Amino acid sequence: MRIVALAGGIGGARFLRGLLAAVGPQDEITVIGNTGDDIHLYGLKVCPDLDTVMYTLGGGIHEEQGWGRTDETWSIKAEMKEYGVGPEWFGLGDRDFATHLVRSQMLTAGYSLSQVTEALCVRWKPGVRLLPMSDDRVETHVRITDEQGTRAVHFQEYWVRLHAAVDAEAIIPVGADTAKPAPGVLEALAEADVILFPPSNPVVSIGTILAVPGIREAVAAAPAPVVGLSPIIGGAPVRGMADKVLAAVGVEATAEAVALNYGSSLIDGWLVDSADEEAVPAVEAAGIACRAVPLLMTDVEATAEMARAALALAEQVRK
């Protein structure tokens with residue numbers, strides 16, 4: 001079975017770990033990773049979502065945080081602070097710095113982000129084929145209004161520095177409209193047996209991937225069933241700020257509303273948490289098969305059960 005998953009950072013990575021536990025060694029998993037969260041810091045190209053997937057599946061993630069490296073030290077960050085070089089609000093540990101140095105050196109040497117990601121995965125052996133959504137530069141920005149007036153800030157600043165404490169007025173995936181899907185992305189979608197939307201942020205993770213011209217169309221046209229898992233449980237995101245960015249695009253923070261925002265032209269099946277079982281009839285009335293199952297990723301086995309439920313629903317709605 002050839003499975004393709006569109007994934008953001010922590011939620012997507014943890015779901016993928018469960019998916020790997022749920023499938024057999026003969027199955028092939030391709031992950032199309034969000035690069036809209038990418039940022040340049042200290043002259044380095046940082047790809048938070050790609051790295052979180054790579055570290056999580058490769059056994060190097062800081063489990064409690066869900067991002068960054070385990071057994072991390074912070075000597076470089078401390079030295080940069082002594083030089084007065086920021087930003088202080090974004091933490092890059094020493095081990096993590098090495099990844100960004102290697103990536104940036106390879107990009108400067110003329111390699112594409114796809115080639116660099118493949119090379120980094122040689123070390124981490126994530127057990128999946130990890131593809132950036134695009135080799136072109138895309139950065140998600142958020143329009144806000146604060147004491148400085150109305151302005152756009154990088155998504156990382158909105159989430160990490162401002163902690164999403166200010167209302168998001170608009171989400172702008174800068175560069176997405178002229179970006180091209182990375183090599184292998186459209187082919188993977190066309191050849192997939194199943195396409196999954198993990199419980200990643202539907203706006204700034206999966207939404208940004210779908211904003212790259214050709215990707216949404218390829219998902220919609222794929223002969224494979226497309227099944228998503230709700231990132232909203234009981235009217236709130238399990239983790240992150242999905243409610244804030246959903247409001248910016250005019251979507252209510254409910255499992256039902258997220259499904260309807262994707263729409264039956266894009267997804268064939270939708271899993272909601274058992275706590276949101278009342279959403280099932282409305283989602284099904286919109287032409288999307290819906291089931292209520294436990295969706296809390298409390299451990300790998302619970303997450304594997306979620307993945308099995310998604311694959312089972314895919315079989316039920318197979319085109």
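Refer to the structure above for everything that follows.
Residues numbered from 1 in each chain as written. Predicted model: local features only at pLDDT ≥ 70, side-chain atom pairs only at ≥ 80, totals over all residues. Heavy atoms only, no water.

A word on the overall build of the chain
Inference 1: Of regular secondary structure, the chain possesses 13 helices and 14 strands.
Inference 2: Its C-alpha radius of gyration of 19 Å places the chain within 12% of the 20 Å reference for a compact globule of 319 residues.
Inference 3: Along the three orthogonal principal directions, the C-alpha set of the chain runs to about 60 × 50 × 40 Å.
Inference 4: When burial is assessed residue by residue, the chain has 54% of its 319 residues classed as buried.
Inference 5: For the chain, the share of sequence-separated contacts (at least 6 apart) that also reach a separation of at least 24 residues comes to 70%.
Inference 6: Of the roughly 13300 Å² of accessible surface on the chain, 52% is carried by carbon and sulfur atoms.
Inference 7: One finds the centroid of the 24 positive side-chain charges in the chain at a distance of 4 Å from the centroid of its 42 negative side-chain charges. (Helix = DSSP H or I, 4+ residues; strand = E, 2+ residues; numbered from the N terminus. Rg over C-alpha atoms; globule rule 2.2 N^0.38 Å. Buried < 20%, exposed > 50% of the residue type's maximum accessible area, 1.4 Å probe, protein only. Contact = heavy atoms within 4.5 Å. Areas by Shrake-Rupley, 256 points an atom, 1.4 Å probe, with all protein chains shown as cover. Lys, Arg positive; Asp, Glu negative; His and termini not counted. Charge placed at Lys NZ, Arg CZ, Asp CG, Glu CD.)

With respect to the pairing of strand 7 (residues 149-154)
As a general feature of sheets, a regular strand has side chains that alternate between the two faces.
Inference 1: Strand direction decides the pairing type here: strand 6 (residues 139-146) and strand 7, joined by 6 bridges, are antiparallel. Bridge pairing in strand 7 places His141 opposite His154. (Pairing = 2+ DSSP bridges.)

Topic: the side chain of Gln156
Inference 1: With respect to the element layout, Gln156 can be found in helix 6 (residues 155-161).
Inference 2: Not counting the four nearest positions on each side in its chain, Gln156 is found in contact with Asp37, Ile39, Pro48, Trp89, Phe90 and Arg161.

Examining helix 2 (residues 48-58)
Inference 1: Counting buried residues along helix 2, 10 of its 11 residues qualify, which places the element largely inside the surrounding structure.
Inference 2: When helix 2 is considered as a whole, its buried residues turn out to be Pro48, Asp49, Leu50, Asp51, Thr52, Val53, Met54, Tyr55, Thr56 and Leu57.
Inference 3: Trailing helix 2 by a residue or two, Gly59 shows a phi angle of about 85°, which is positive.

Points about the state of the cysteines
Inference 1: If you walk through the whole model with that rule in mind, you get 0 disulfides.
Inference 2: Take Cys121: it sits in no disulfide, and the sulfur closest to it among the cysteines is that of Cys47, at 11 Å.
Inference 3: Look at Cys121 and you get buried, because its relative accessible area is 11%. (Disulfide = S-S within 2.5 Å.)

Let's talk about the environment of Gly18
Inference 1: By the element assignment, Gly18 lies in helix 1 (residues 10-22).
Inference 2: Measuring from C-alpha to C-alpha, the distance between Gly18 and Leu57 comes to 9.8 Å, with 39 residues separating the pair along the chain.
Inference 3: Excluding anything up to four places from it in sequence, Gly18 contacts Val300, Thr303, Ala304 and Ala307.

Structural notes on helix 1
Inference 1: Between its terminal C-alpha atoms helix 1 stretches 19 Å, which fits the 18 Å expected from 13 residues at 1.5 Å a residue.
Inference 2: For helix 1, the set of buried residues is Gly12, Ala13, Phe15, Leu16, Gly18 and Leu19.
Inference 3: Residues of helix 1 that are buried make contact with strand 1 (2-7), strand 2 (28-33), helix 2, strand 9 (194-197), strand 10 (226-229) and helix 13 (300-316). (Expected span 1.5 Å × (residues − 1).)

Remarks on the sheet that holds strand 5 (residues 129-132)
Inference 1: If you trace the 7 strands from one edge of the open sheet to the other, you get 5-2-1-9-10-13-14, paired in parallel fashion. If you trace the sheet from one side to the other, it starts and ends with strand 5 and strand 14 (289-292), each paired once. Here the strands of the sheet are splayed against their neighbours by 20° on average, with no regard to which way each runs.
Inference 2: Here strand 10 pairs with strand 13 (residues 269-272) via 3 bridges, running parallel. Its bridge partner being in strand 13, Leu229 is matched across the sheet by Leu271.
Inference 3: With respect to the sheet, helix 2 is in contact with strand 2 and strand 5, its orientation differing from that of strand 5 by roughly 175°. (Axes fitted to C-alpha atoms, helices over the stretch in contact; angles between N-to-C directions.)

Digging into the packing of helix 1 against helix 13
Inference 1: As a packed pair, helix 1 and helix 13 sit with axes 7 Å apart at the nearest point and diverge in direction by 75°. One element, helix 1, and the other, helix 13, form an angle in the roughly perpendicular class. Between helix 1 and helix 13, the residues in contact are Arg14, Phe15, Arg17, Gly18, Leu19, Ala21 and Ala22 and Val300, Thr303, Ala304, Met306, Ala307, Arg308 and Leu311, respectively. (Parallel < 35°, antiparallel > 145°, perpendicular 65-115°, else oblique.)

Topic: the packing of helix 4 (residues 94-108) against helix 5 (residues 113-124)
Inference 1: At a closest axis distance of 10 Å, the pairing of helix 4 and helix 5 adopts a crossing angle of 140°. Between helix 4 and helix 5, the angle is such that the two are oblique. Regarding helix 4 and helix 5, the two cross each other, and that crossing is right-handed. In this structure, helix 4 contributes Thr99, Val102, Arg103, Met106 and Leu107 to the contact, and helix 5 contributes Leu113, Val116, Ala119 and Leu120.
Inference 2: Partitioned by chemical class, the residues of the contact of helix 4 with helix 5 number 7 nonpolar, 1 polar and 1 charged. (Left-handed = near helix turned anticlockwise from the far one by under 90°. Nonpolar A, V, L, I, M, F, W, Y, C, P; charged D, E, K, R; others polar.)

In short, the description is geometric, and any link to function would need to be established separately.
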